[in-house]
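Letter by letter, the chains look like this.
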Amino acid sequence: MSLEKNQISTNQMIILGLFTFIGDMALVYPALMVAGAKQDAWIAALISIPLGLATIKLLLCLADIEPNKNIIELSLQILGKWAGTAVALFYLVFFLIAAATYIREIEDFMCTQIYEKTPGGVIRFMAIFLVVYGVRLGLETLGRAAQLFFPLFAVFLIGLLLLLTPDVRMERLYPIMNTPVPDMLHTLMYGVFYPFGELCVFLMVYPYAQKNSKTSRDIFIALIIGALGLNLILFFSLTVLGVYASEHQFYAAYILAQKINIANSLQRIEALMATTWIISTYFKTAIYYFALTLGTAQLFKLKSHRPLILPAGFLLFGMSQLIAKDIIFYVKEIPTYWVDWDFTCAFVLPLMLLIVYYLKKRHAAKV
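Basis of the calculations
Along each chain, residue indices are assigned from 1 in the same order as the chain's sequence is written. Totals for whole chains, interfaces and linings use every residue, but because this is a predicted model, local features are given only for residues with pLDDT of at least 70 and side-chain atom pairs only at 80 or more, for both listing and counting. Heavy atoms from the whole structure form the basis of all side-chain values; hydrogens and water molecules are not counted. By definition, any uninterrupted DSSP run of H or I lasting at least four residues is a helix, any uninterrupted run of E lasting at least two residues is a strand, and each is numbered from the N terminus. Radius of gyration means the value over C-alpha atoms here, while the globule rule gives 2.2 Å times the residue count to the 0.38 power. Relative accessibility thresholds used throughout: buried, under 20% of the residue-type maximum; exposed, over 50%; partly exposed, between the two (1.4 Å probe, protein chains only). Any pair of residues with heavy atoms lying within 4.5 Å of one another is described as a contacting pair. Each accessible area value is a Shrake-Rupley result obtained with a 1.4 Å probe; residue values ignore everything except the protein chains displayed when judging cover. Residues scored as positive are Lys and Arg, those scored as negative are Asp and Glu, and His as well as the terminal groups of each chain are ignored. Charged side chains are reduced to one point each, which is NZ for Lys, CZ for Arg, CG for Asp and CD for Glu. Whenever Lys or Arg places a side-chain nitrogen within 4 Å of a carboxyl oxygen from Asp or Glu, that contact is recorded as a salt bridge. Only Phe, Tyr and Trp rings take part, Trp by its six-membered ring, and two of them pair if their centres are within 6.5 Å. Stacked means planes under 30 degrees apart, edge-to-face means over 60, and tilted covers everything else. Each helix should span, by expectation, one fewer than its residue count multiplied by 1.5 Å. What is called the bend at a residue is the angle between a pair of axes, fitted to the seven residues leading up to and ending at it and to the seven starting from it. In plain words, nonpolar cores are sets of buried Ala, Val, Leu, Ile, Met, Phe, Trp, Tyr and Cys residues tied together by side-chain atoms within 4.5 Å. Grouping into patches uses exposed residues only, defined as over 30% relative accessible area, and leaves out salt-bridged ones; the cut-off is 9 Å for like charges and 5 Å for nonpolar side chains (Val, Leu, Ile, Met, Phe, Trp, Tyr).

A.B. asks: Looking at this structure, how should I read the overall build of the chain?
C.D. replies: A tally of helices and strands in the chain yields 15 helices and 2 strands. On C-alpha atoms alone, the chain measures out to a radius of gyration of 20 Å, which is about the 21 Å that the 2.2 N^0.38 rule sets for 367 residues. Principal-axis analysis of the C-alpha atoms gives the chain an extent of 70 × 45 × 40 Å. The burial tally for the chain puts 54% of its 367 residues in the buried class. Restricting the contact set of the chain to residue pairs at least 6 apart, pairs at least 24 apart contribute 83%. Here the chain has roughly 16300 Å² of accessible surface; of this, 67% comes from carbon and sulfur atoms. If you average the places of the 27 positive and of the 22 negative side-chain charges in the chain, the two averages end up 10 Å apart.

Here's what the structure looks like:
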């Protein structure tokens, strides 16, 4: 029996998916891609789209084995008690560390770019309070809130890109195809498993969405739009800021917003960019936090996940402090290893579960 009683519509799930897909990527994606592929980062990003969609197809195939069961339940069903528990624990640790990292990103961004003299612990507490409050209200409430905020998010993001058009300099994309193959392949890993791979958390949400015959199609259309949006941010970063600034600025998209100046009247609108980023990262963190508490309750056979929501908030507060000693560490050191974690959670483990499921099914048919 499911512990989560709330249901969300397909549209709400897709909007939450877009927020999760873009999330913190809206600010850090250009630096991640340009670090490896330089001027060819936009090419790597475009190649990443079909590969990322193939990864999502793999996740959907796994989810459709038992549409009413999430990844924790599927792991136990397919692999058995011991191996299934090990895989479930792996996902829960990933959900915890990911949620803590996103909280830390919000804290460091706000403290270095906007509220420079505010203690980081204050920002962290406020962010965690809102996440805990949102998850406690339930998945359905999060879905409705996402629907309300999405138009604001879309208008801000589209407005940012349109206003940057006069500053585009195409010559900054040259030379083209000058990246060594190993560097390009490494960048492709970033382009696929950073934005697309982190959607593995929706293996915890998918069972609680109302589905129809067009659900998969709508998911792919939305993700294509989201991927093009991220790629446009990367493209504008390359053509407005240039390769060096795109690679070495921690928050390239935020710096892009500072560059907007229309007739010396419309300028300094980076607060709008900060708003879009915080909205999307909030919903991304809330989904991971929801997955953590619900999955923990299911693994340990609790009657409800609600009693875990508040205590897990204290765990998140401490973990977000311990996750990195400073902003330099997680911007420069963590990405190299995080992509392998995304690769494991979004590709290796789902593929293993599918293979074991079909082997057991084939064996049962022979018997």
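A.B. asks: What should I look at first to understand the pattern of salt bridges in this one?
C.D. replies: Opposite charge on two side chains allows them to pair when their charged atoms are near. Following the criterion strictly, the structure yields 6 salt bridges and no others. Between Arg-144 and Glu-140 there is a salt bridge, with the nearest N and O atoms lying 2.7 Å from each other. Separated by 4 residues within a single helix, Arg-144 and Glu-140 lie in helix 7 (residues 139-164), roughly one turn from each other. The partner of Lys-284 in a salt bridge is Glu-198, with the nearest N and O atoms 2.5 Å apart.

A.B. asks: Explanation requested: the packing of aromatic side chains in the structure shown.
C.D. replies: Each aromatic ring pair is specified by the distance between its two centres and by the angle formed by the two planes. This structure, assessed with the given rule, holds 25 aromatic pairs. When the ring of Tyr-91 is compared with that of Phe-95, the centres are 6.1 Å apart and the planes differ by 40°; the resulting orientation is tilted. Taken together, the residues span about one helical turn, with Tyr-91 and Phe-95 both in helix 5 (residues 81-114) at a distance of 4 residues. Here Tyr-91 falls in the buried class, since its relative accessible area comes to 0%.

A.B. asks: Would you take a moment to explain helix 15 (residues 334-366) for this structure?
C.D. replies: End to end, helix 15 covers 47 Å across 33 residues, agreeing with the expected 48 Å (1.5 Å per residue, within 8%). For helix 15, the principal kink sits at Thr-344 and spans about 40°. The complete set of buried residues in helix 15 reads Ile-334, Pro-335, Trp-338, Val-339, Trp-341, Asp-342, Cys-345, Ala-346, Leu-349, Pro-350, Leu-353 and Leu-354. Residues of helix 15 that are buried make contact with helix 2 (25-37), helix 3 (41-63), helix 4 (71-79), helix 5, helix 8 (181-193) and helix 14 (327-332).

A.B. asks: It is not clear to me how the nonpolar core should be interpreted in this structure. Could you clarify?
C.D. replies: It is characteristic of soluble globular proteins that their nonpolar side chains tend to be buried jointly. Counting residues in each nonpolar core, the largest one holds 137 residues, and the members touching the most others are Leu-27, Ile-56, Leu-62, Phe-95 and Tyr-289. With residues up to four places along the chain from it excluded, the contact list for Leu-27 reads Phe-109, Phe-250, Tyr-251, Ala-252, Ala-253, Tyr-254, Met-273 and Trp-277.

A.B. asks: Sorry if this is basic, but what is going on with a nonpolar patch on the surface here?
C.D. replies: Taken together, the side chains of Val-122, Phe-125, Met-126, Phe-129, Leu-130, Tyr-133, Leu-137 and Phe-317 define a hydrophobic patch exposed on the protein surface, amounting to about 810 Å² of accessible area. In terms of residue count, the dominant contributor to the nonpolar patch is helix 6 (residues 120-137) (7 residues).

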